[in-house]
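# Architecture at a glance
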Amino acid sequence: IWLEKLGGLFTDFTFTQSREDMAAAVALGISDQDRIQHIGNGIDLTRFDPDKMEAGRPERRRAL
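Criteria and cut-off values
- Residues numbered from 1 in each chain as written.
- Predicted model: local features only at pLDDT ≥ 70, side-chain atom pairs only at ≥ 80, totals over all residues.
- Heavy atoms only, no water.
- Salt bridge = Lys/Arg side-chain N within 4 Å of Asp/Glu carboxyl O.
- Helix = DSSP H or I, 4+ residues; strand = E, 2+ residues; numbered from the N terminus.
- Buried < 20%, exposed > 50% of the residue type's maximum accessible area, 1.4 Å probe, protein only.

### Observations regarding the pattern of salt bridges
Summed over all chains, the structure comprises one salt bridge. The salt bridge involving Glu59 is made with Arg62; its shortest N-O contact spans 3.9 Å. Here Glu59 pairs with Arg62, and both are found in helix 4 (residues 57–63), just three residues apart, close to one helical turn. Looking at Glu59, the relative accessible area reads 46%, which means it is partly exposed. Residue class for Arg62 comes out exposed when judged on its relative accessible area of 63%.

What follows is the structure, given as structure tokens:
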């Protein structure tokens, strides 16, 4: 924890993977609430929906 606090002295902003990590960092004094944000983890599966990708597929294949 003390290494995280030391590192925090040299940063302008902190990103965490989860809300729990963000809350712990604030509670432990590693970062101030206004200088931290969670970015989450994962992929938007709707972006890669094969049914939505069908339109225009032959044109994309030819282009490649």
